[in-house]
Amino acid sequence: MLYLFGEYILSADIKGNVFIWSFRGAEPNIEPVGNISLGDKFTPTCIMHPDTYLNKVIIGSEEGPFQLWNIITKKKLYEFKGWNSSVCCCVSSPALDVVAVGCSDGTIHVHNIRYDEELMSFNHQIRGAVTALSFRTDGQPLLASGGSSGVISIWNLDKRRLHSVIREAHDGSIVSLHFFANEPILMSSASDNSIKMWIFDTNDGDARLLRFRSGHSAPPRCIRFYGNGKCILSAGQDRAFRLFSVIQDQQSRELSQRHVSKRAKKLRVKEEEIKLKPVIAFDCAEIRARDWCNVVTCHTDTPQAYVWRLQNFVIGEHILTPSAGTRSPIKACAISACGNFTFLGTEGGWIEKFNLQSGISRGSYIDTSLAIKCAHDGEVIGLACDATNGSLISAGYGGDIKVWDFKSCKLKSRLDIGKSVTKIAYHRTNGLLATVADDMVLILFDTVAMKMVRKFEGHTDRITDLCFSEDGKWLISSSMDGTLRIWDISLARQIDAMRADVSITSLSMSPNMDVLATTHVDRNGVYLWINQALFSPSTNVDNYASGKHVRNVCLPTVSSAEKSEEEPTHNSEDSKQCKIKPYVIMDHQIPNLITLSLLPKSQWQSLTNLDIIKVRNKPIEPPKKPEKAPFFLPTVPSLSGEILFEPLDNSKETDNSSEHASHKKMTDLSSHFSWLLQSCGETKNYSAFTDYLKGLSPSSLDMELRVLQIIDDDEPENLEQRPELHSISLLLDYFIHELFCRNNFEFVQAVLKLFLKIHGETIRRHSMLQDKVKKLLDVQSLVWQKIDKMFQSARCMVTFISNSQF
């Protein structure tokens, strides 16, 4: 476990060692500054700092006792005997010297650590071990406790009894509880991958749910982009069907299965037992989303299919049950291009068509050449409908691919692969069908000519999923060997490959082809990767075409500050970056492009027009003095609002003091400007200096640059000793660096124009500055030529298309 304690981080391992790490300083320390050995018979379970106890922490143990340690002197100050039960959590109370300890036997002990006395205790054994505690700090004597059963209990410390219970607050063990300081708001998080905010504002003092964020509590099985790439439909092993928003997480939600909570409370069972079984396959269509249900799902060992209406985020009214003689689980589903019909394929080989609006069966597809009355002589692996509602394509586990007439439900043609098929993917625009067999080989068929057109080999383990790109030029596949491979259909070869540290189970490419979504083994999240191949042309396609060159990548982390490292495989000779990068860590520069500052347009445009703005804002007439002096005494304005009386004779002194204060403020700003510029120039990391400049107003930035202006007519020998000259030289280095990196392009251009306008004469008189200005000109010309070339290319293309007649 880890515990943040002031300027230190405490880490504890299972062997009873506590290491002390210092993380604040100029350079990170790779070695601990100290360590504490707790002994073999003391297994730490929690660490807590009691308020007002300087440099001291309490460490709980699995054996029952807990100890008070000083981390500076590394001495044990006291050991508490405990209550013959493992200490699971410990928290400090608003009262001094008082802590609450939660044990694995379900008991809560409020203890005075100064006198080693127990003040009170509570018990909720039926709710499991106490895993989290938190005191309310807004004046109400309440203590919140969370158990392994997902229930939150609220205890009244004055009356020493149970105050209220939040039943089924979470579907898993409570991980953390936290009352906001001086607020009646409680935050809770649990192992069900959710975080919830509860507010105590009811008349009886009970809590109600204010807002929450949640995800899958079990790994998702299949995902698919929806809504023009803005959302992702995800089905998980936790029996939840969720809609994730790629743009804004507030729009993410779980699709309702109609009154699950009420039915669970009525039957006194958990919500998971009421929900539908996990989804194994689904299909969606956006064309009739506003009219009726537009999603159909197949569930584990379930002979019915369910429809959903994403317009209302709720399950539909119709339950689709095939009319086959035997009740066989549904294994495949598909929706027609028009959005009116859905097709269901069962484990017994039956295929049936349903109307989505009414839920009525509209016919069955039967192969009369088979001995039994069905479509396939085995399980239906996949279904697909073409773009014109002319044909239905089905694939059986036995390796037979059949094309049916959409309206008459008669068999048109068939093709036998000769080996078992495990998964298919169909592209409606080009009519290509990709199949996956047991031999880990991808085979593409033309469904019109019923011929094999492509064959891709390279995976060494079971292929988990595959999908086409929106334009139909790429085929993307994933395997249990951890690799994700991109195949170019027109070139008939592999163009890219990467190996994730955790195998991919499902994938989906966005309609814009800019983002790839993946799910992984034993991971509850949906991971987003950006397709960098769209922005930078590949120069190493030949290396990846052999199938041996695979780039190793790590899964993207939740925090954008952490970076996924890439390491080449042992047989990789290319040192360039992989085409697909984690979406959350893309903070480097895209080749041949520039990055803008995202500042308001008025802020950087005002820098280039400050002179015009000053002339425009100049008053037409100077202020006039009043003809007669007022009868009251003159006062001096102050920021505090207090009235300060001054004699009339001290007006000059007041003016001098204000000028002195203004000069002092200008000097302080200039010193901070120069210090920050020099410190960033030494490390060649100008991000802090850029943030400082972007935070200044146009007039303040103009003042900062004018303070460095050299006005005196000194000799060139004396100019070299001026501190302003050194700052100007550092500013030139800054501009060269920023233009070379192509960061904050429009803001840097505006600042550079203002800088040259103010210090142009000084640069002309000094040879050292002239050399840097020449280098700055070369970098500026190189960057702008590339950008201008792309602008002209896009302009010519737009002009050509606009003048063309189609």
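Here's a quick rundown of the structure. (Residues numbered from 1 in each chain as written. Predicted model: local features only at pLDDT ≥ 70, side-chain atom pairs only at ≥ 80, totals over all residues. Heavy atoms only, no water.)

Remarks on the overall build of the chain
And then number 1: Within the chain, the secondary structure is distributed over 12 helices and 52 strands.
And then number 2: Within the chain, buried positions represent 46% of all 806 residues.
And then number 3: Contacts in the chain between residues far apart in sequence, at least 24 positions, make up 45% of those at least 6 positions apart.
And then number 4: By element, 52% of the accessible surface of the chain is carried by carbon and sulfur atoms, the whole surface being about 43,100 Å². (Helix = DSSP H or I, 4+ residues; strand = E, 2+ residues; numbered from the N terminus. Buried < 20%, exposed > 50% of the residue type's maximum accessible area, 1.4 Å probe, protein only. Contact = heavy atoms within 4.5 Å. Areas by Shrake-Rupley, 256 points an atom, 1.4 Å probe, with all protein chains shown as cover.)

Some details on a nonpolar patch on the surface
And then number 1: A cluster of nonpolar side chains, M797, F800 and I801, forms an exposed patch at the surface whose accessible area comes to about 330 Å².
And then number 2: Locating I801 in the fold gives a position in helix α12 (residues 767–803). (Patch = residues over 30% accessible without salt bridge, like charges linked within 9 Å, V, L, I, M, F, W, Y side chains within 5 Å. Salt bridge = Lys/Arg side-chain N within 4 Å of Asp/Glu carboxyl O.)

Quick look at empty space enclosed by the protein
Any space left empty among the atoms is revealed by the rolling of a water-sized probe across them.
And then number 1: All told, the structure shown has two cavities of 30 Å³ or more when counted by the stated rule.
And then number 2: Quantified by volume, the second largest cavity comes out at close to 30 Å³.
And then number 3: Together, P50, D51, Y53, S92, S93, A95, L96, D97, V98, V99 and I113 line the second largest cavity.
And then number 4: Among the residues making up the lining of the second largest cavity, the classes are represented as seven nonpolar, two polar and two charged. (1 Å grid on protein atoms, 1.4 Å probe; cavity = no way out; pocket = protein on both sides within 12 Å on 5 of 7 lines; lining within 4 Å. Points joined across faces, edges and corners; volume = space filled by probe spheres on them. Nonpolar A, V, L, I, M, F, W, Y, C, P; charged D, E, K, R; others polar.)

Remarks on the packing of aromatic side chains
And then number 1: In this structure the tally under the stated criterion is 18 aromatic pairs.
And then number 2: Ring centres of F66 and F80 lie 4.7 Å apart, and the angle between their planes is 15°; on these two criteria the pair is classed as stacked. Taken together, the residues F66 in strand β7 (residues 66–70) and F80 in strand β8 (residues 75–80) connect sequence positions 14 residues apart. Side by side, F66 and F80 carry an identical accessibility label, which is buried.
And then number 3: Through a chain of ring-to-ring contacts, three or more aromatic side chains come together here, namely F341, F343, Y365, W404 and F406.
And then number 4: R253 extends its terminal NZ or CZ atom over the ring of F313, reaching a point 4.1 Å from the ring centre.
And then number 5: A cation sits over an aromatic face here: K353 above F406, 4.6 Å from the ring centre. (Phe/Tyr/Trp six-rings, centres within 6.5 Å; stacked < 30°, edge-to-face > 60°. Lys NZ or Arg CZ within 6 Å of the ring centre and 35° of its normal.)

Looking at the packing of helix α11 (residues 745–764) against α12
Helix packing geometry: the angle between the two helix axes and the distance between the axes.
And then number 1: The N-to-C vectors of α11 and α12 enclose an angle of 150°; their axes lie 13 Å apart at closest approach. Classified by the interaxial angle, the pair formed by α11 and α12 is roughly antiparallel. α12 is crossed by α11, and the crossing has left-handed handedness. Between α11, through F745, Q749, L752, T762, I763 and R764, and α12, the contact on the second element is made entirely by L769, Q770, V773, L776, Q780, V783 and W784. (Axes fitted to C-alpha atoms, helices over the stretch in contact; angles between N-to-C directions. Parallel < 35°, antiparallel > 145°, perpendicular 65-115°, else oblique. Left-handed = near helix turned anticlockwise from the far one by under 90°.)

Let's talk about the environment of R136
And then number 1: Checked against the element boundaries, R136 lands in the loop between β13 (130–135) and β14 (142–147).
And then number 2: For R136, a relative accessible area of 10% gives the class buried.
And then number 3: Taking the C-alpha atoms as reference points, R136 and F180, 44 residues apart in sequence, are found 7.8 Å from one another.
And then number 4: Those residues in contact with R136 that lie beyond four places of it in its chain are P94, L142, F179, P184 and F200.

Remarks on the pairing of strand β40 (residues 451–456)
And then number 1: Bridge count between strand β39 (residues 442–446) and β40: five bridges; the pairing is antiparallel. If you follow L444 over to β40, its bridge partner there is R454.
And then number 2: Connecting β39 to the next strand, β40, in antiparallel fashion are four residues, including M450 with a positive phi near 55°. (Pairing = 2+ DSSP bridges.)

A word on the environment of T52
And then number 1: Position of T52 relative to the elements: it lies in the loop between β5 (44–48) and β6 (56–61).
And then number 2: Relative accessible area serves as the criterion here: at 60%, T52 is assigned to the exposed category.
And then number 3: Between the alpha carbons of T52 and D97 there is a distance of 8.5 Å; along the sequence they are 45 residues apart.

Overview of the nonpolar core
And then number 1: Of all hydrophobic cores here, the largest spans 40 residues; its most connected members are F673, F689, L693, L731, F735 and F755.
And then number 2: Put simply, the parts of the chain that give this core at least two residues each are α6 (651–683), α7 (687–694), α8 (698–707), α10 (723–741), α11 and α12.
And then number 3: Top element by residues in this core is α11. It accounts for 10 residues.
And then number 4: If we skip the residues at most four places from it in the chain, F689 touches F673, L676, L677, C680, L731 and Y734. (Core = buried A, V, L, I, M, F, W, Y, C linked by side-chain atoms within 4.5 Å.)

A look at the side chain of K402
And then number 1: Looking at the element boundaries, K402 is found in strand β35 (residues 400–405).
And then number 2: Within the local environment of K402, its side chain forms a polar contact with the side chain of D367, the two groups lying 2.6 Å apart.
And then number 3: In this structure, K402 is in contact with D367, L370, A375, H376, L392, I393, S394, L411, S413 and R414, ignoring residues within four places of it in sequence. (Polar contact = N/O pair within 3.5 Å; in protein donor to acceptor, adjacent residues only side chain to side chain.)

Side note on the pattern of salt bridges
And then number 1: Tallying each qualifying case throughout the model produces 17 salt bridges.
And then number 2: With a closest N to O distance of 3.8 Å, R114 and D97 form a salt bridge. Of this pair, R114 sits in the loop between β11 (107–112) and β12 (117–123) while D97 is found in the loop between β9 (87–92) and β10 (98–103), placing the two residues 17 residues apart along the sequence.
And then number 3: Taking relative accessible area as the criterion, D97 reaches 17% and is therefore assigned buried.
And then number 4: The shortest N-O distance in the salt bridge between K455 and E457 comes to 3.8 Å.

A look at the sheet that holds strand β30 (residues 341–346)
And then number 1: With antiparallel pairing, the four strands of this open sheet are ordered in space as β29-β30-β31-β32. The open sheet has two edge strands, β29 (330–335) and β32 (361–365), and neither has a second partner. Taken over all neighbouring pairs, the strand axes of this sheet differ in orientation by 20° on average, direction set aside.
And then number 2: Pairing of strand β31 (residues 351–355) with β32 involves four bridges; the strand directions are antiparallel. The residue of β32 that forms the bridge with F354 is S361.

Things to note about the sheet that holds β9
Hydrogen bonds between backbone atoms are what pair the strands of a sheet, whose relative direction is either parallel or antiparallel.
And then number 1: Read from one edge of the open sheet, four strands run β9-β10-β11-β12, paired in antiparallel fashion. Each of the sheet's edge strands pairs with one partner strand only, and the pair in question is β9 and β12. Taken over all neighbouring pairs, the strand axes of this sheet differ in orientation by 20° on average, direction set aside.
And then number 2: Two elements, β9 and β10, share five bridges in a ladder whose sense is antiparallel. The partner of V87 across the bridge, within β10, is C103.

Notes on the pairing of strand β21 (residues 220–226)
And then number 1: Most of β21 sits out of view: five of its seven residues are buried.
And then number 2: Where β21 folds back on strand β22 (residues 231–236), the antiparallel hairpin that results is connected by four residues, among which G227 adopts a positive phi of roughly 70°.

Quick notes on a negative patch on the surface
And then number 1: There is a patch of like negative charges on the surface, built from E168, D171, E272 and E273.
And then number 2: The residue E273 is located in helix α2 (residues 271–274) in this model.
And then number 3: Residue E273 is classed as exposed on the basis of its relative accessible area of 54%. (Lys, Arg positive; Asp, Glu negative; His and termini not counted. Charge placed at Lys NZ, Arg CZ, Asp CG, Glu CD.)

Re unusual backbone geometry
And then number 1: A positive phi angle, near 70°, is found at T52, a position not held by glycine.
And then number 2: Phi angles above zero are rare outside glycine, and D301 is one such case at about 50°.
And then number 3: Mapping D301 onto the fold places it in the loop between β26 (295–299) and β27 (305–309).
And then number 4: Since its relative accessible area comes to 51%, D301 is described here as exposed.

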